[in-house]
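# Secondary and tertiary structure notes
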Amino acid sequence: MKKRVALIGSGNAFFKDEGVGLYGAKYIKENYEFDEEVLEIVDGGTLGFKLMPLLQEFDLVLIINTESDESKQPGTITIRTTDEFLDGSLVKKTANEVEIAEMLQICSMADKVADTVVISITPEDILSVEVALSEAIKNAWDAYINTTLQELQKRGVSIKKREETLSLDEILDIFANPSIEHSRGF
């Protein structure tokens, strides 16, 4: 039986770099092919506790988001397992960061919980109200996406780049100008 994997893009697209997890999940969804019976890509937005059922339905959950740790340079990528995430040393600056940490704590006590990995990038600007990314995050974009793809592949997810792809700027434009009529959204 194949393991079921969820890739959850988490964050708030209205606060500049805080939307990077959403943009990353959308970028992977649009630019790569994968077995949809194995991998499901989820717009986790700022759902926080509402993501809890996913931690019980899937075998593996990868969450991509920001980590507001001012001791790290913007663009620094960190990979943590649930155990590392729960050791209490995380900086929890945004509501989204607090909810994910608390959700993982609660789910860690359940009978069945997914093997969870959190891939975070240190933002430069999570205060500006703008659907955009800072230069520091744009410069680290390829590494952020490649790190996420490598973590998926390490866990048995086969991924192939599509012939026709969308650029980061096109992904940002989709979030800035969503449209049901033109199928523009997550």
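Before reading further, recall that the structure is shown in the block above.
Quick notes on the rules
- Residues numbered from 1 in each chain as written.
- Predicted model: local features only at pLDDT ≥ 70, side-chain atom pairs only at ≥ 80, totals over all residues.
- Heavy atoms only, no water.
- Phe/Tyr/Trp six-rings, centres within 6.5 Å; stacked < 30°, edge-to-face > 60°.
- Helix = DSSP H or I, 4+ residues; strand = E, 2+ residues; numbered from the N terminus.
- Buried < 20%, exposed > 50% of the residue type's maximum accessible area, 1.4 Å probe, protein only.
- Pairing = 2+ DSSP bridges.
- Axes fitted to C-alpha atoms, helices over the stretch in contact; angles between N-to-C directions.
- Contact = heavy atoms within 4.5 Å.

### Regarding the packing of aromatic side chains
- Within this structure, the stated rule accounts for 3 aromatic pairs.
- Between Tyr23 and Phe175 the ring centres are 5.0 Å apart and the planes differ by 75 degrees, which places this aromatic pair in the edge-to-face class. One end of the pair, Tyr23, is in helix 1 (residues 20-31); the other, Phe175, is in helix 6 (residues 168-176), with 152 residues separating them in the sequence.
- Judged by relative accessible area, Tyr23 falls into the buried class, the value being 0%.
- A relative accessible area of 16% means that Phe175 is categorised as buried.
- Note on Tyr27 and Trp141: the rings are 5.4 Å apart at their centroids and 90 degrees apart in plane angle, and the pair reads as edge-to-face. Of this pair, Tyr27 sits in helix 1 while Trp141 is found in helix 5 (residues 135-154), placing the two residues 114 residues apart along the sequence.

### Here we look at the sheet that holds strand 5 (residues 77-81)
- Spatially, 3-1-4-6-5 is the arrangement adopted by the 5 strands of the open sheet, whose pairing is mixed. The sheet terminates laterally at strand 3 (39-45) and strand 5, the two strands that pair on one side only. With direction set aside, neighbouring strand axes in the sheet form an average angle of 20 degrees.
- Relative to strand 6 (residues 115-121), strand 4 (residues 60-66) runs parallel, the two being bridged by 7 bridges. Each residue of the ladder has a partner; that of Asn65, found in strand 6, is Ser120.
- In this fold helix 1 packs onto strand 1 (5-10), strand 3, strand 4 and strand 6, with an angle of close to 135 degrees to the strand it touches most, strand 1.
- Packing against the sheet, helix 5 makes contact with strand 1, strand 3, strand 4, strand 5 and strand 6, and its axis sits at approximately 165 degrees to strand 6.

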